[in-house]
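Here are the chains, one letter per residue:
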Amino acid sequence: MDSKTDALYMQDNDAVSANATVLACFPLHELEEDLKPLFKGAPDASFVVVTDRTAFYAQGGGQPADAGQMQMTSSSPDKTAIFTVHGVRKAPSGAILHVGTFEDGPFTKEDAVDQTVDAATRDLHSRIHDAGHIIGLAVHALVDKIGPVEDTKAQHFPAVSYVEFKGTIDGAHKAAIEAQANEIVDRDLPIQVKWWTLEESRARCWCIPEELVLEEGEKARAVDVPGLGAYLCGGTHMKTTGGVGKIEVKKISRSKGSSKISYAMKA
Ligand SMILES: [Zn+2]
């Protein structure tokens, strides 16, 4: 798998449809062995589709993949293949692999296809993702109460969403963190995607890995809530904190010097 796919969401958060050209299409069992674990549990009849560009978010950074469909563009009326996308992952080569099932398929190389991402799922994933960042910003805003902690990792899957910190966050702060997060939501602050140099990233982002290096001229993608801080982030986002909706802090748990804040979106 040596092709590369242009990930449209990196530049345009709102791109939930696109036309693309098929670079490869083959049954899942023909995928390189080392990439197969990415799609564990996919149905036997699944296919892999690789395109030159994609509107589909590939699972990563704690955010689940988009779902949706690809179908032949209207310029090929004799072919009616419809591909339902169940999983999207990025291969180390930079190729984005869409795994799913066909009706009247498969595609062949060079086919022109229309991609349609399920906008409601994308919207939910963006909200859950931004809610995680908002909790991080709330925790930092409460440093006087909580004490300094460091963001480590996060998981933004529905039903198992959490943000984790190095350091101790006492369970007694649960209500204060939820209130602070929802105050950020209520203020309806802008959520902006920025491209920053290493120096800008270190100056403005909350958690920059020590080992982060950028090539000459390369910029890092960050998500910024001006005034509250930023995080390096390759995910999809809402336009404002108000669009995220109310957040529920479900639980704070501590283990081996780390604290995990589990959260959900309020109905
Ligand atoms: Zn993020």
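Residues numbered from 1 in each chain as written. Predicted model: local features only at pLDDT ≥ 70, side-chain atom pairs only at ≥ 80, totals over all residues. Heavy atoms only, no water.

- If you check an unreviewed UniProt entry, the chain appears there as tRNA_SAD domain-containing protein from Emericellopsis atlantica.

1. Overview of the overall build of the chain
Okay, step 1: If you tally the helices and strands in the chain, you get four helices and 15 strands.
Okay, step 2: In terms of C-alpha radius of gyration, the chain reaches 20 Å, essentially the compact-globule figure of 18 Å for 267 residues.
Okay, step 3: Each of the three principal axes of the chain carries a C-alpha extent, and together these read 65 × 45 × 35 Å.
Okay, step 4: Residues counted as buried form 49% of the 267 residues belonging to the chain.
Okay, step 5: The contacts in the chain between residues at least 6 apart in sequence include a share of 70% that link residues at least 24 apart.
Okay, step 6: Across the chain, 28 positive and 38 negative side-chain charges occur, with their mean positions spaced 7 Å apart. (Helix = DSSP H or I, 4+ residues; strand = E, 2+ residues; numbered from the N terminus. Rg over C-alpha atoms; globule rule 2.2 N^0.38 Å. Buried < 20%, exposed > 50% of the residue type's maximum accessible area, 1.4 Å probe, protein only. Contact = heavy atoms within 4.5 Å. Lys, Arg positive; Asp, Glu negative; His and termini not counted. Charge placed at Lys NZ, Arg CZ, Asp CG, Glu CD.)

2. Section: the pattern of salt bridges
Okay, step 1: With the rule as written, the count across this model stands at seven salt bridges.
Okay, step 2: Between Arg 122 and Asp 66 there is a salt bridge, with its nearest N and O atoms 2.7 Å apart. One end of the pair, Arg 122, is in helix 1 (residues 119-141); the other, Asp 66, is in the loop between strand 4 (53-54) and strand 5 (68-72), and 56 residues separate them in sequence. Of the two residues, Arg 122 and Asp 66, neither departs from the other in class, the shared state being buried. (Salt bridge = Lys/Arg side-chain N within 4 Å of Asp/Glu carboxyl O.)

3. A closer look at the coordination of the zinc ion
Okay, step 1: Each protein donor to the zinc ion is listed here as His 129 (NE2), His 133 (NE2) and Cys 233 (SG); together their distances run 2.0 to 2.2 Å.
Okay, step 2: As a motif over one chain, the donors of the zinc ion read H-x3-H-x99-C. Taken together, the positions of His 129 and His 133, both in helix 1 and four residues apart, correspond to about one turn of that helix.
Okay, step 3: In this structure His 129 comes out as buried when scored by relative accessible area, which is 1%.
Okay, step 4: We classify His 133 as buried; its relative accessible area is 14%. (Donors = N, O, S within 2.8 Å, 3.2 Å for Na, K, Ca; no water.)

4. Some thoughts on the pairing of strand 15 (residues 258-265)
Okay, step 1: In terms of residue burial, strand 15 counts as a mostly covered element, since seven of its eight residues are buried.
Okay, step 2: Alignment of strand 10 (residues 160-166) against strand 15, held across six bridges, turns out to be antiparallel. Bridge pairing in strand 15 places Val 163 opposite Ile 261.
Okay, step 3: The loop that links strand 14 (residues 247-255) with its antiparallel partner strand 15 comprises two residues; one of these, Lys 256, has a positive phi angle of about 50°. (Pairing = 2+ DSSP bridges.)

5. With respect to the environment of Met 72
Okay, step 1: With respect to the helices and strands, Met 72 occurs in strand 5.
Okay, step 2: Between the C-alpha atoms of Met 72 and Phe 107, which are 35 residues apart in sequence, the distance is 8.1 Å.
Okay, step 3: Setting aside anything within four residues of it in sequence, one finds Met 72 in contact with Lys 79, Ala 81, Phe 107, Asp 111, Ala 112, Val 113 and Asp 114.

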